[in-house]
Amino acid sequence: MSITKPELSALLASAHRVPERERIAAFLRDPATEIIDNPFSATRAAAARNTWAGRNFDFRVMGVEAAGLTDLLSALAELPASEPLVEDIARSGPHTASIVLSGDRSRVVGVALYGKPGTALPRFVAPRPRRRAIAATQLDLFADAG
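I will try to describe carefully the structure that is included in this document. The shown structure was predicted, so the numbers you read here are calculated from the model rather than taken from an experiment.

Time to look at unusual backbone geometry. Located in the positive-phi region is Arg-105, a residue other than glycine, with phi close to 60 degrees. Checked against the element boundaries, Arg-105 lands in the loop between β5 (95-102) and β6 (108-115). We classify Arg-105 as buried; its relative accessible area is 13%.

With that out of the way, let us pick up the layout of surface pockets. Picture a little ball the size of a water molecule; that probe, rolled over the atoms, points out where space is still empty. Quantified by volume, the largest pocket comes out at close to 300 Å³. Taken together, the elements giving at least two residues each to the lining of the largest pocket come down to α4 (69-78) and β6.

Where helix α1 (residues 5-13) meets helix α2 (residues 21-29), the axes come as close as 9 Å, and the angle between the chain directions of the two elements is 170 degrees. One finds that α1 runs roughly antiparallel with respect to α2. α1 and α2 meet at a crossing whose hand is left-handed. Contact residues: α1 offers Lys-5, Leu-8, Ser-9, Leu-12 and Ala-13, while α2 offers Arg-21, Ile-24, Ala-25, Leu-28 and Arg-29. For the contact of α1 with α2, the residue count by class is six nonpolar, one polar and three charged.

Moving on, we come to the packing of aromatic side chains. For the structure on display, the rule yields two aromatic pairs. Cluster of aromatic residues (ring-pair linked, three or more members): Trp-52, Phe-59 and Tyr-114. Of note, Arg-55 hangs over the ring of Trp-52, and the distance from its end group to the ring centre comes to 4.4 Å.

Before going further, it helps to examine the side chain of Thr-33. Topologically, Thr-33 is positioned in the loop between α2 and β1 (34-36). Its relative accessible area of 2% is what places Thr-33 among the buried residues. Non-local contacts of Thr-33, meaning those with residues more than four positions away in its chain, are made with Lys-5, Phe-27, Leu-28, Ala-90, Arg-91 and Ser-92.

Direction vectors running N to C along helix α3 (residues 45-62) and α4 enclose 155 degrees, while the axes themselves pass 10 Å from each other. Judged by the inter-axis angle, α3 sits roughly antiparallel to α4. The two elements α3 and α4 cross, and the hand of that crossing is left-handed. Where α3 approaches α4, its residues Ala-48, Arg-49, Trp-52, Ala-53, Asn-56 and Phe-59 are matched on the opposing element by Leu-69, Leu-72, Leu-73, Leu-76 and Ala-77. Residue classes in the contact of α3 with α4 are distributed as nine nonpolar, one polar and one charged.

Here we come to the pairing of β6. Looking along a regular strand, one sees side chains alternate from face to face of the sheet. Most of β6 sits inside the fold, with eight of its eight residues counted as buried. When strand β3 (residues 66-67) meets β6, the two strands line up antiparallel, connected through two bridges. From the neighbouring strand, Ala-67 faces β6, where its bridge partner is Leu-113. Where β5 lies against β6, seven bridges are found, and the strand directions are antiparallel. Note that in β6 the partner of Thr-96 across the bridge is Tyr-114. Linkage of β5 to β6, two consecutive antiparallel strands, is achieved through a turn of five residues, within which Arg-105 is found at a positive phi near 60 degrees.

Here Leu-72 lies in helix α4. Separated by 52 residues in the primary sequence, Leu-72 and Glu-20 place their C-alpha atoms 9.8 Å from one another. Each residue touching Leu-72, except ones within four places of it in the same chain, is listed here: Trp-52, Val-100, Gly-110, Val-111 and Ala-112.

About the thresholds
- Residues numbered from 1 in each chain as written.
- Predicted model: local features only at pLDDT ≥ 70, side-chain atom pairs only at ≥ 80, totals over all residues.
- Heavy atoms only, no water.
- Helix = DSSP H or I, 4+ residues; strand = E, 2+ residues; numbered from the N terminus.
- Buried < 20%, exposed > 50% of the residue type's maximum accessible area, 1.4 Å probe, protein only.
- 1 Å grid on protein atoms, 1.4 Å probe; cavity = no way out; pocket = protein on both sides within 12 Å on 5 of 7 lines; lining within 4 Å.
- Points joined across faces, edges and corners; volume = space filled by probe spheres on them.
- Axes fitted to C-alpha atoms, helices over the stretch in contact; angles between N-to-C directions.
- Parallel < 35°, antiparallel > 145°, perpendicular 65-115°, else oblique.
- Left-handed = near helix turned anticlockwise from the far one by under 90°.
- Contact = heavy atoms within 4.5 Å.
- Nonpolar A, V, L, I, M, F, W, Y, C, P; charged D, E, K, R; others polar.
- Phe/Tyr/Trp six-rings, centres within 6.5 Å; stacked < 30°, edge-to-face > 60°.
- Lys NZ or Arg CZ within 6 Å of the ring centre and 35° of its normal.
- Pairing = 2+ DSSP bridges.

So yeah, pure geometry; function would need other evidence.
See below:
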C-alpha cells in the first residue's frame, strides 16, 4: 500500500510530537519532491533503531547535515522492539526525507531530513503577509486616531 504526498503531509501536520514536522511538510509540498519506492519499507522498531543509529554515526563522520534525526532516534527508542513500522521516503535533488510511520500508516513516529555530504539542508521560510494587508492595517490605525 503506497501513500500520496498530500496524505503524508496531512499525517505529518497532525504529528504534534514530531518537532521537525513543519520543515518536512514544507519539503513534501515542494513540487520537485517525489515519494520514491522503498522496496524495504516494512520493518520493526528494533531494526529501525539499529539502522538509524548507524546512519547517525555515518552522518557525523561524513559531515551530513540532518534535521529531526535525534528526535527520530528517541521516538524509536520508546517503542517495543517488535512494533511494526513502515518507512516512506521522499526525495528532491540531493535531499531525502525519511518518514517513519506506524505499521498501519495511521501516525508518524518520526522523521529525518538529510542531504548529501557537504550539502546544506533546504531553507523553508514561512510565507510573509502580503504587503497590501500591512498597508491597509496602517491606514486603519491612522483613521482611528483622527
